[in-house]
Amino acid sequence: MTAAGGAALLTGAGPAAIAVLRLTGPGVQDFAARHLQWAQPPSQPLPAAGRVRRATLVDADGAPLDDVLVAVHAPLPNADVRVHLHGNPVLVQQCRALAAACGLADRTAARASADGAVSAPGLWPARDALAAAVAAVLPQVLTLRGVLWVLDQERRLRAVLDECVRGLAAGGAAAAPAVRARLAAIATRADAVARFTRPLRVALVGPPNAGKSTLLNTLADQPVALVSPHPGTTRDWLEVEAELDGYPVTWIDTAGLRATDDALEAAGVERSHRAIATAAVTVAVLDGTDAVTTVQFIRTYPDLAPAVVAINKGDLETAAVARDDLPGGWRPVAIRISALARHGLAELGHRVLTAGRTSDPDESEPAAIGADVATALRSAAGDEDHNAISEKILRLIAPSAER
Ligand SMILES: Nc1nc2c(ncn2[C@@H]2O[C@H](COP(=O)(O)OP(=O)(O)OP(=O)(O)O)[C@@H](O)[C@H]2O)c(=O)[nH]1
Ligand SMILES: [Mg+2]
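In this text the structure is predicted, and so the values were computed from the model without any measurement. (Residues numbered from 1 in each chain as written. Chains lettered and ligands numbered in written order. Predicted model: local features only at pLDDT ≥ 70, side-chain atom pairs only at ≥ 80, totals over all residues. Heavy atoms only, no water.)

## Notes on the pairing of strand β2 (residues 18–24)
Going by this rule: In this scheme, a residue with accessible area under 20% of its type's maximum is buried, one over 50% is exposed, and one in between is partly exposed, where area comes from a 1.4 Å probe on protein chains only. Only runs of H or I of at least four residues qualify as helices and only runs of E of at least two qualify as strands under DSSP, and these elements are numbered from the N terminus. Think of it this way: DSSP has to see at least two bridges between two strands before they count as a pair.
Among the seven residues of β2, six are classified as buried, and the element is accordingly described as predominantly covered. As paired elements, strand β1 (residues 5–9) and β2 share four bridges and run antiparallel to each other. Directly across from Ala7, in β2, lies its bridge partner Leu23. Pairing between β2 and strand β6 (residues 80–86): seven bridges, direction antiparallel. Along β6, the bridge assignment pairs Arg22 with Arg82.

Have a look at this one:
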(Lines give C-alpha, C1' and ligand atoms only; values in the text may rest on other atoms or scores of the structure.)
(Ligands and ions follow the chains in the order given, each with its own letter.)
Protein backbone atom coordinates (compact mmCIF):
# COMPACT_ATOMS: atom_id res chain seq x y z
CA MET A 1 0.00 0.00 0.00
CA THR A 2 1.37 3.43 -0.84
CA ALA A 3 1.51 6.05 1.89
CA ALA A 4 -1.26 8.63 1.96
CA GLY A 5 1.37 11.36 2.02
CA GLY A 6 3.16 13.66 4.38
CA ALA A 7 2.87 16.72 6.57
CA ALA A 8 5.82 19.05 7.17
CA LEU A 9 5.84 22.15 9.33
CA LEU A 10 7.71 24.74 7.29
CA THR A 11 7.81 27.43 9.96
CA GLY A 12 9.28 27.68 13.45
CA ALA A 13 8.23 25.49 16.35
CA GLY A 14 7.72 28.39 18.77
CA PRO A 15 4.79 30.80 19.07
CA ALA A 16 4.38 32.95 15.96
CA ALA A 17 1.76 34.95 14.10
CA ILE A 18 1.44 32.43 11.30
CA ALA A 19 2.47 28.81 10.77
CA VAL A 20 2.65 27.03 7.43
CA LEU A 21 1.97 23.30 7.27
CA ARG A 22 2.79 21.61 3.98
CA LEU A 23 0.56 18.63 3.12
CA THR A 24 1.50 16.35 0.25
CA GLY A 25 0.15 13.22 -1.41
CA PRO A 26 -3.22 11.65 -2.16
CA GLY A 27 -4.22 11.74 1.53
CA VAL A 28 -4.68 15.51 1.22
CA GLN A 29 -8.10 14.76 -0.32
CA ASP A 30 -9.21 12.99 2.85
CA PHE A 31 -7.80 15.80 5.02
CA ALA A 32 -9.63 18.44 2.97
CA ALA A 33 -12.92 16.50 3.12
CA ARG A 34 -12.75 16.06 6.88
CA HIS A 35 -11.09 19.22 8.13
CA LEU A 36 -11.49 22.08 5.63
CA GLN A 37 -14.79 23.89 5.19
CA TRP A 38 -14.23 26.17 2.21
CA ALA A 39 -15.58 29.72 2.23
CA GLN A 40 -16.39 29.11 -1.44
CA PRO A 41 -16.58 25.34 -2.01
CA PRO A 42 -14.57 24.32 -5.11
CA SER A 43 -16.14 22.05 -7.74
CA GLN A 44 -13.31 19.53 -7.23
CA PRO A 45 -12.08 18.09 -3.89
CA LEU A 46 -9.35 20.77 -3.96
CA PRO A 47 -9.17 24.23 -5.57
CA ALA A 48 -7.10 24.30 -8.76
CA ALA A 49 -3.30 24.52 -8.57
CA GLY A 50 -2.14 28.09 -8.15
CA ARG A 51 -5.23 29.10 -6.14
CA VAL A 52 -5.31 30.42 -2.60
CA ARG A 53 -8.61 29.85 -0.80
CA ARG A 54 -9.97 30.72 2.61
CA ALA A 55 -11.34 27.89 4.74
CA THR A 56 -12.32 27.02 8.28
CA LEU A 57 -10.13 24.34 9.81
CA VAL A 58 -12.39 22.02 11.82
CA ASP A 59 -11.54 19.22 14.24
CA ALA A 60 -12.73 15.61 14.08
CA ASP A 61 -16.15 16.65 15.48
CA GLY A 62 -16.56 19.44 12.95
CA ALA A 63 -15.90 22.15 15.56
CA PRO A 64 -14.05 25.16 14.11
CA LEU A 65 -10.40 25.56 15.12
CA ASP A 66 -9.05 28.33 12.91
CA ASP A 67 -9.61 30.55 9.92
CA VAL A 68 -6.94 29.42 7.43
CA LEU A 69 -5.65 30.14 3.94
CA VAL A 70 -4.93 27.15 1.75
CA ALA A 71 -2.50 27.58 -1.14
CA VAL A 72 -2.63 24.77 -3.71
CA HIS A 73 0.79 24.23 -5.30
CA ALA A 74 0.03 20.94 -7.10
CA PRO A 75 -3.24 19.11 -7.76
CA LEU A 76 -4.36 15.64 -6.68
CA PRO A 77 -3.41 12.84 -6.71
CA ASN A 78 0.09 14.06 -5.80
CA ALA A 79 -1.26 17.14 -4.14
CA ASP A 80 1.00 19.76 -2.57
CA VAL A 81 -0.87 22.29 -0.46
CA ARG A 82 0.25 24.77 2.17
CA VAL A 83 -2.15 25.41 5.02
CA HIS A 84 -1.45 28.86 6.51
CA LEU A 85 -2.86 28.85 10.02
CA HIS A 86 -2.37 30.99 13.10
CA GLY A 87 0.90 30.25 14.82
CA ASN A 88 -0.16 29.18 18.31
CA PRO A 89 1.89 26.00 18.92
CA VAL A 90 -1.09 24.18 20.48
CA LEU A 91 -3.21 24.90 17.41
CA VAL A 92 -0.38 23.89 15.08
CA GLN A 93 0.06 20.65 17.01
CA GLN A 94 -3.68 19.92 16.69
CA CYS A 95 -3.56 20.50 12.95
CA ARG A 96 -0.55 18.17 12.66
CA ALA A 97 -2.42 15.52 14.66
CA LEU A 98 -5.44 15.82 12.32
CA ALA A 99 -3.10 15.39 9.34
CA ALA A 100 -1.49 12.35 10.97
CA ALA A 101 -4.95 10.83 11.56
CA CYS A 102 -5.54 11.15 7.79
CA GLY A 103 -2.38 9.10 7.18
CA LEU A 104 -0.16 12.10 6.39
CA ALA A 105 3.14 11.11 7.98
CA ASP A 106 5.18 13.75 9.79
CA ARG A 107 8.00 14.84 7.51
CA THR A 108 9.07 17.94 9.38
CA ALA A 109 12.67 16.75 9.68
CA ALA A 110 14.76 15.77 6.69
CA ARG A 111 15.06 12.05 5.98
CA ALA A 112 18.11 10.18 4.78
CA SER A 113 17.86 7.01 2.78
CA ALA A 114 19.94 3.98 3.71
CA ASP A 115 22.76 4.96 1.37
CA GLY A 116 23.09 8.33 3.05
CA ALA A 117 21.36 10.55 0.47
CA VAL A 118 19.42 13.34 2.13
CA SER A 119 16.16 14.79 0.96
CA ALA A 120 14.21 17.44 2.80
CA PRO A 121 10.92 19.16 2.17
CA GLY A 122 11.73 22.83 1.94
CA LEU A 123 9.91 26.08 1.53
CA TRP A 124 12.43 27.18 -1.09
CA PRO A 125 14.65 25.18 -3.43
CA ALA A 126 17.92 24.51 -1.61
CA ARG A 127 21.34 24.97 -3.22
CA ASP A 128 22.37 21.47 -2.14
CA ALA A 129 21.32 18.60 0.13
CA LEU A 130 23.18 20.05 3.12
CA ALA A 131 21.32 23.35 2.77
CA ALA A 132 18.03 21.42 2.45
CA ALA A 133 18.76 19.50 5.65
CA VAL A 134 19.65 22.71 7.48
CA ALA A 135 16.46 24.37 6.20
CA ALA A 136 14.46 21.46 7.60
CA VAL A 137 16.08 21.80 11.03
CA LEU A 138 15.86 25.61 11.27
CA PRO A 139 12.11 25.77 12.00
CA GLN A 140 12.71 23.70 15.13
CA VAL A 141 15.39 26.02 16.50
CA LEU A 142 13.93 28.05 19.37
CA THR A 143 16.33 30.98 19.80
CA LEU A 144 18.15 33.51 17.63
CA ARG A 145 21.48 32.31 18.99
CA GLY A 146 20.50 28.84 17.78
CA VAL A 147 19.60 30.07 14.31
CA LEU A 148 22.94 31.89 14.00
CA TRP A 149 24.79 28.81 15.27
CA VAL A 150 23.06 26.50 12.80
CA LEU A 151 23.79 28.82 9.88
CA ASP A 152 27.40 29.14 10.98
CA GLN A 153 27.63 25.37 11.27
CA GLU A 154 26.34 24.97 7.73
CA ARG A 155 29.15 27.22 6.51
CA ARG A 156 31.79 25.38 8.57
CA LEU A 157 30.52 21.99 7.57
CA ARG A 158 30.48 22.84 3.89
CA ALA A 159 34.10 24.11 4.15
CA VAL A 160 35.25 20.95 5.95
CA LEU A 161 33.48 18.65 3.51
CA ASP A 162 34.93 20.57 0.59
CA GLU A 163 38.38 20.18 2.12
CA CYS A 164 37.80 16.43 2.54
CA VAL A 165 36.87 16.02 -1.12
CA ARG A 166 39.97 17.94 -2.21
CA GLY A 167 42.12 15.90 0.16
CA LEU A 168 40.78 12.64 -1.27
CA ALA A 169 41.30 13.87 -4.84
CA ALA A 170 44.91 14.81 -4.12
CA GLY A 171 45.90 12.02 -1.73
CA GLY A 172 43.76 9.10 -2.98
CA ALA A 173 43.49 6.05 -0.73
CA ALA A 174 46.23 7.37 1.59
CA ALA A 175 44.05 10.35 2.53
CA ALA A 176 41.01 8.20 3.34
CA PRO A 177 41.74 7.24 7.00
CA ALA A 178 42.08 10.85 8.15
CA VAL A 179 38.96 11.91 6.25
CA ARG A 180 36.98 9.00 7.65
CA ALA A 181 38.01 9.88 11.21
CA ARG A 182 37.04 13.50 10.63
CA LEU A 183 33.62 12.61 9.22
CA ALA A 184 32.95 10.17 12.06
CA ALA A 185 33.78 12.87 14.63
CA ILE A 186 31.40 15.35 12.98
CA ALA A 187 28.65 12.71 12.86
CA THR A 188 28.97 12.03 16.59
CA ARG A 189 28.18 15.69 17.27
CA ALA A 190 24.75 15.45 15.62
CA ASP A 191 23.00 16.00 18.97
CA ALA A 192 24.64 19.42 19.40
CA VAL A 193 21.68 21.16 17.77
CA ALA A 194 19.31 19.71 20.40
CA ARG A 195 20.39 22.36 22.92
CA PHE A 196 18.65 24.88 20.69
CA THR A 197 15.62 22.77 19.76
CA ARG A 198 14.77 21.15 23.11
CA PRO A 199 14.44 23.46 26.14
CA LEU A 200 16.51 22.50 29.16
CA ARG A 201 14.05 21.67 31.95
CA VAL A 202 15.09 23.24 35.24
CA ALA A 203 13.12 22.65 38.47
CA LEU A 204 13.23 25.23 41.26
CA VAL A 205 12.70 23.32 44.49
CA GLY A 206 13.04 24.09 48.16
CA PRO A 207 11.18 24.66 51.40
CA PRO A 208 8.04 26.83 51.46
CA ASN A 209 8.65 30.60 51.42
CA ALA A 210 12.26 30.32 50.16
CA GLY A 211 11.48 32.51 47.12
CA LYS A 212 11.08 29.92 44.34
CA SER A 213 8.12 31.69 42.74
CA THR A 214 9.83 35.07 43.08
CA LEU A 215 12.90 33.60 41.38
CA LEU A 216 10.77 32.13 38.59
CA ASN A 217 9.15 35.51 37.97
CA THR A 218 12.54 37.22 37.88
CA LEU A 219 14.08 34.62 35.57
CA ALA A 220 11.08 34.61 33.24
CA ASP A 221 10.92 38.41 33.43
CA GLN A 222 7.17 38.34 33.95
CA PRO A 223 4.92 37.94 36.99
CA VAL A 224 3.62 34.46 36.15
CA ALA A 225 3.68 32.87 39.61
CA LEU A 226 1.82 33.99 42.71
CA VAL A 227 4.13 35.22 45.44
CA SER A 228 3.21 35.78 49.07
CA PRO A 229 4.83 35.82 52.52
CA HIS A 230 2.67 32.83 53.49
CA PRO A 231 4.49 29.50 53.28
CA GLY A 232 2.64 27.03 51.02
CA THR A 233 1.52 29.58 48.41
CA THR A 234 2.38 27.46 45.35
CA ARG A 235 0.31 24.29 45.20
CA ASP A 236 0.73 23.20 41.61
CA TRP A 237 3.79 23.19 39.46
CA LEU A 238 4.12 25.89 36.87
CA GLU A 239 6.26 25.93 33.74
CA VAL A 240 7.55 28.95 31.86
CA GLU A 241 9.42 28.84 28.58
CA ALA A 242 12.26 31.33 28.54
CA GLU A 243 15.67 31.96 27.11
CA LEU A 244 18.90 31.82 29.09
CA ASP A 245 21.96 33.26 27.36
CA GLY A 246 20.44 32.32 24.01
CA TYR A 247 19.50 28.77 25.00
CA PRO A 248 15.86 27.68 25.41
CA VAL A 249 15.01 26.83 29.00
CA THR A 250 11.83 25.72 30.77
CA TRP A 251 11.79 27.01 34.34
CA ILE A 252 9.59 24.91 36.62
CA ASP A 253 8.25 26.44 39.85
CA THR A 254 7.17 23.86 42.41
CA ALA A 255 5.25 23.71 45.67
CA GLY A 256 7.50 24.06 48.72
CA LEU A 257 8.74 20.71 50.01
CA ARG A 258 8.08 19.86 53.65
CA ALA A 259 6.45 17.12 55.69
CA THR A 260 2.82 18.11 56.13
CA ASP A 261 -0.51 16.76 57.42
CA ASP A 262 -2.51 19.06 55.16
CA ALA A 263 -3.93 16.92 52.30
CA LEU A 264 -3.87 19.73 49.73
CA GLU A 265 -0.31 20.74 50.56
CA ALA A 266 0.75 17.07 50.53
CA ALA A 267 -0.72 16.75 47.02
CA GLY A 268 1.37 19.78 46.01
CA VAL A 269 4.51 18.21 47.49
CA GLU A 270 3.81 14.99 45.61
CA ARG A 271 3.48 16.98 42.36
CA SER A 272 6.78 18.71 43.12
CA HIS A 273 8.49 15.33 43.21
CA ARG A 274 6.95 14.49 39.85
CA ALA A 275 8.15 17.82 38.43
CA ILE A 276 11.68 17.14 39.70
CA ALA A 277 11.59 13.77 37.92
CA THR A 278 10.89 15.51 34.59
CA ALA A 279 13.71 18.03 34.98
CA ALA A 280 17.28 17.72 33.74
CA VAL A 281 18.57 20.18 36.33
CA THR A 282 17.40 20.77 39.92
CA VAL A 283 18.05 24.08 41.64
CA ALA A 284 17.54 24.03 45.41
CA VAL A 285 16.31 27.45 46.54
CA LEU A 286 16.88 28.13 50.25
CA ASP A 287 15.85 31.08 52.40
CA GLY A 288 19.22 32.44 53.52
CA THR A 289 17.57 34.23 56.45
CA ASP A 290 15.82 31.16 57.85
CA ALA A 291 18.29 28.63 59.29
CA VAL A 292 15.65 26.54 61.06
CA THR A 293 13.58 25.84 57.93
CA THR A 294 16.74 25.28 55.87
CA VAL A 295 18.17 22.71 58.28
CA GLN A 296 14.80 20.95 58.47
CA PHE A 297 14.61 20.86 54.69
CA ILE A 298 18.11 19.39 54.33
CA ARG A 299 17.29 16.73 56.92
CA THR A 300 14.00 15.80 55.24
CA TYR A 301 15.42 15.61 51.70
CA PRO A 302 19.02 14.36 51.99
CA ASP A 303 18.83 12.62 48.58
CA LEU A 304 17.87 15.67 46.57
CA ALA A 305 21.33 16.12 44.91
CA PRO A 306 20.72 19.60 43.46
CA ALA A 307 22.97 20.78 40.62
CA VAL A 308 22.88 24.31 42.03
CA VAL A 309 22.01 25.54 45.53
CA ALA A 310 20.73 29.12 45.54
CA ILE A 311 20.87 30.69 49.02
CA ASN A 312 18.23 33.36 48.47
CA LYS A 313 17.33 36.72 50.03
CA GLY A 314 20.98 37.86 50.00
CA ASP A 315 19.72 41.45 49.94
CA LEU A 316 18.64 41.18 53.59
CA GLU A 317 21.04 41.91 56.46
CA THR A 318 19.76 38.94 58.44
CA ALA A 319 21.79 36.23 56.68
CA ALA A 320 21.57 33.09 58.82
CA VAL A 321 22.59 30.27 56.46
CA ALA A 322 26.27 29.80 55.63
CA ARG A 323 27.84 27.44 53.11
CA ASP A 324 29.23 25.37 56.00
CA ASP A 325 25.68 24.65 57.22
CA LEU A 326 25.05 22.69 54.01
CA PRO A 327 25.77 19.00 53.38
CA GLY A 328 29.21 18.32 51.84
CA GLY A 329 27.79 17.62 48.35
CA TRP A 330 25.85 20.88 48.31
CA ARG A 331 28.67 23.23 49.33
CA PRO A 332 30.63 23.38 46.05
CA VAL A 333 27.46 24.19 44.09
CA ALA A 334 26.10 26.79 46.51
CA ILE A 335 25.82 30.45 45.54
CA ARG A 336 24.25 33.44 47.22
CA ILE A 337 21.48 35.21 45.28
CA SER A 338 18.63 37.65 45.69
CA ALA A 339 15.64 36.89 43.50
CA LEU A 340 14.12 40.22 44.49
CA ALA A 341 17.21 42.41 43.96
CA ARG A 342 18.38 40.31 40.97
CA HIS A 343 21.78 39.51 42.48
CA GLY A 344 23.76 36.43 41.49
CA LEU A 345 21.44 35.49 38.65
CA ALA A 346 24.13 35.49 35.95
CA GLU A 347 26.15 33.01 38.01
CA LEU A 348 23.00 30.95 38.62
CA GLY A 349 22.28 30.87 34.87
CA HIS A 350 25.86 29.91 34.04
CA ARG A 351 25.80 27.03 36.53
CA VAL A 352 22.43 25.80 35.29
CA LEU A 353 23.66 25.68 31.68
CA THR A 354 26.87 23.95 32.71
CA ALA A 355 24.99 21.39 34.81
CA GLY A 356 22.60 20.74 31.90
CA ARG A 357 25.62 20.47 29.58
CA THR A 358 23.85 22.99 27.37
CA SER A 359 26.69 25.43 27.11
CA ASP A 360 29.29 23.50 25.16
CA PRO A 361 32.96 24.52 25.16
CA ASP A 362 33.32 22.87 21.72
CA GLU A 363 30.48 24.82 20.20
CA SER A 364 32.68 25.99 17.31
CA GLU A 365 33.61 22.42 16.30
CA PRO A 366 31.76 21.34 13.16
CA ALA A 367 28.66 19.30 13.97
CA ALA A 368 26.25 17.41 11.73
CA ILE A 369 23.02 19.38 11.58
CA GLY A 370 20.15 16.93 11.92
CA ALA A 371 20.20 13.18 12.28
CA ASP A 372 20.02 12.76 8.54
CA VAL A 373 23.24 14.56 7.71
CA ALA A 374 24.82 12.51 10.51
CA THR A 375 23.57 9.32 8.83
CA ALA A 376 25.05 10.45 5.52
CA LEU A 377 28.41 11.27 7.13
CA ARG A 378 28.48 8.02 9.12
CA SER A 379 27.84 6.15 5.91
CA ALA A 380 30.75 7.98 4.23
CA ALA A 381 32.99 7.41 7.27
CA GLY A 382 32.23 3.69 7.12
CA ASP A 383 33.32 3.31 3.51
CA GLU A 384 36.79 1.91 2.72
CA ASP A 385 36.95 3.17 -0.83
CA HIS A 386 38.14 6.76 -1.19
CA ASN A 387 36.14 7.34 -4.38
CA ALA A 388 32.95 6.14 -2.68
CA ILE A 389 33.65 8.44 0.28
CA SER A 390 34.04 11.39 -2.09
CA GLU A 391 30.82 10.49 -3.85
CA LYS A 392 28.88 10.35 -0.61
CA ILE A 393 30.24 13.71 0.52
CA LEU A 394 29.38 15.24 -2.83
CA ARG A 395 25.77 14.10 -2.46
CA LEU A 396 25.60 16.58 0.39
CA ILE A 397 27.42 19.54 -1.10
CA ALA A 398 27.19 19.23 -4.89
CA PRO A 399 24.83 21.91 -6.25
CA SER A 400 21.29 20.49 -6.56
CA ALA A 401 21.27 20.58 -10.36
CA GLU A 402 24.36 18.33 -10.54
CA ARG A 403 22.92 15.55 -8.40
N1 LIG B 1 14.02 40.28 50.64
C2 LIG B 1 13.73 39.31 49.81
N3 LIG B 1 12.53 38.71 49.86
C4 LIG B 1 12.28 37.71 49.00
C5 LIG B 1 13.23 37.30 48.02
N6 LIG B 1 12.68 36.28 47.30
C7 LIG B 1 11.45 36.09 47.80
N8 LIG B 1 11.19 36.94 48.81
C9 LIG B 1 9.97 37.03 49.61
O10 LIG B 1 9.74 35.78 50.24
C11 LIG B 1 8.34 35.51 50.33
C12 LIG B 1 8.04 34.17 49.71
O13 LIG B 1 8.31 34.23 48.32
P14 LIG B 1 7.71 33.18 47.31
O15 LIG B 1 8.38 33.46 46.01
O16 LIG B 1 6.23 33.16 47.35
O17 LIG B 1 8.28 31.85 47.95
P18 LIG B 1 8.06 30.31 47.47
O19 LIG B 1 9.33 29.60 47.68
O20 LIG B 1 7.50 30.29 46.11
O21 LIG B 1 7.00 29.84 48.53
P22 LIG B 1 5.91 28.64 48.42
O23 LIG B 1 5.15 28.82 47.15
O24 LIG B 1 5.08 28.87 49.61
O25 LIG B 1 6.66 27.36 48.49
C26 LIG B 1 7.64 36.68 49.62
O27 LIG B 1 7.23 37.60 50.58
C28 LIG B 1 8.74 37.26 48.75
O29 LIG B 1 8.57 38.65 48.49
C30 LIG B 1 14.50 37.98 47.98
O31 LIG B 1 15.39 37.72 47.17
N32 LIG B 1 14.69 38.96 48.89
MG1 LIG C 1 5.75 29.56 45.39
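Structure's up, so let's keep going.
## Observations concerning the site of ligand 1
Applicable threshold: A molecule or strand has a residue near it when one of that residue's heavy atoms lies within 4 Å. Under the rule applied, a polar contact is a pair of N or O atoms within 3.5 Å (in protein, one hydrogen donor and one hydrogen acceptor; residues adjacent in sequence only if both atoms are side-chain atoms). Here the nonpolar group is Ala, Val, Leu, Ile, Met, Phe, Trp, Tyr, Cys and Pro; Asp, Glu, Lys and Arg are the charged ones; every other residue, Gly included, is treated as polar.
In the neighbourhood of ligand 1, 23 residues make up the surrounding shell, with Lys212, Thr214, Gly232, Thr233 and Asp315 lying closest. Within the contact set of ligand 1, an oxygen atom lies 3.2 Å away from a side-chain nitrogen or oxygen of Ser338. A distance of 3.0 Å separates an oxygen atom of ligand 1 from a polar atom in the backbone of Leu340. For the shell around ligand 1, the element with the highest residue contribution is helix α7 (residues 212–220), accounting for three residues. A per-class count over the shell around ligand 1 returns eight nonpolar, twelve polar and three charged.

## Quick notes on the domain arrangement of the chain
To keep things clear, this is the line we draw: Domain limits in this description derive from either an automatic procedure or a database domain assignment.
Examined at the domain level, the chain breaks down into domain 1 (5–108), domain 2 (129–189 + 367–402) and domain 3 (196–355). On a C-alpha basis, the centres of domain 1 and domain 3 stand 43 Å from each other.

## Quick notes on the packing of aromatic side chains
As a reminder, the rule being used: Paired rings are identified among Phe, Tyr and Trp, the last through its six-membered ring, by centres lying within 6.5 Å, and are further divided according to the angle between planes into stacked (under 30 degrees), edge-to-face (over 60) and tilted (the rest). Throughout this description, the term charge over a ring refers to an Arg CZ or Lys NZ atom that lies within 6 Å of the ring centre and within 35 degrees of the ring normal.
Counted according to the given criterion, the structure contains four aromatic pairs. Counting every residue linked through ring pairs, the aromatic cluster contains Trp149, Phe196 and Tyr247. Here the basic side chain of Arg195 rests over the ring of Trp149, its NZ or CZ set 5.7 Å away from the ring centre.

## Some words on the coordination of the magnesium ion (ligand 2)
To keep things clear, this is the line we draw: Metal-coordinating donors are taken as N, O and S atoms lying within 2.8 Å of the metal, or within 3.2 Å when the metal is Na, K or Ca; because water is left out, some sites can appear incomplete.
The magnesium ion (ligand 2) binds to the protein through Ser213 (OG) and Thr234 (OG1); the donor distances cover 1.9 to 2.1 Å. With Ser213 in helix α7 and Thr234 in the loop between α7 and β11 (238–244), the pair connects residues that are 21 residues apart, well separated along the chain. Overall, the relative accessible area of 8% leaves Ser213 in the buried class. Residue class for Thr234 comes out buried when judged on its relative accessible area of 16%.

## Section: helix α10 (residues 345–355)
The line we're drawing: This arc corresponds to the set of directions leading from the helix axis out to the C-beta atoms.
Restricting attention to buried positions, one finds in α10 the residues Leu345, Leu348, Gly349, Val352 and Leu353. For α10, the arc enclosing every buried residue in end-on projection is 130°, short of the 170-degree limit, so these residues lie on one face. One or two steps after α10, the chain reaches Arg357, where phi turns positive at roughly 50°.

## Describing the sheet that holds strand β12 (residues 247–253)
Basically, it comes down to this: Every axis corresponds to a line fitted to the C-alpha atoms, with the helix fit spanning only the stretch in contact, and the corresponding angles, defined between N-to-C directions, vary from 0 to 180 degrees. The criterion used for residue contact is that any of the two residues' heavy atoms lie within 4.5 Å.
Pairing is mixed in the open sheet, where six strands are placed in the order β11-β12-β10-β13-β14-β15. Here the strands that pair on one side only, and so sit at the sheet edges, are β11 and β15 (334–336). Along the sheet, successive strands turn relative to each other by an average axial angle of 25°, direction set aside. Where strand β13 (residues 281–287) meets strand β14 (residues 308–312), five bridges bridge the pair, whose relative direction is parallel. Looking across to β14, one finds that Leu286 is bridged to Ile311. The strands touched by α7 are β10 (200–205), β11, β12 and β13; relative to β12, the strand with the most contacts, the crossing angle is about 155°.

## Observations regarding the environment of Val352
Relative to the assigned elements, Val352 resides in helix α10. The class of Val352 is buried, set by a relative accessible area of 0%. Distance in space between the C-alpha atoms of Val352 and Val202 is 7.8 Å, their sequence separation being 150 residues. Look past the residues within four positions of Val352 in its chain and what remains in contact with it is Leu200, Val202, Leu244, Trp251, Val281, Val283 and Val308.

## Notes on unusual backbone geometry
With an omega of 10°, the peptide bond running from Leu76 to Pro77 counts as cis. Topologically, Pro77 is positioned in the loop between β5 (64–74) and β6. Positive phi outside glycine occurs at Ala305, with the angle close to 45°. Assignment of secondary structure puts Ala305 in the loop between α9 (291–300) and β14.

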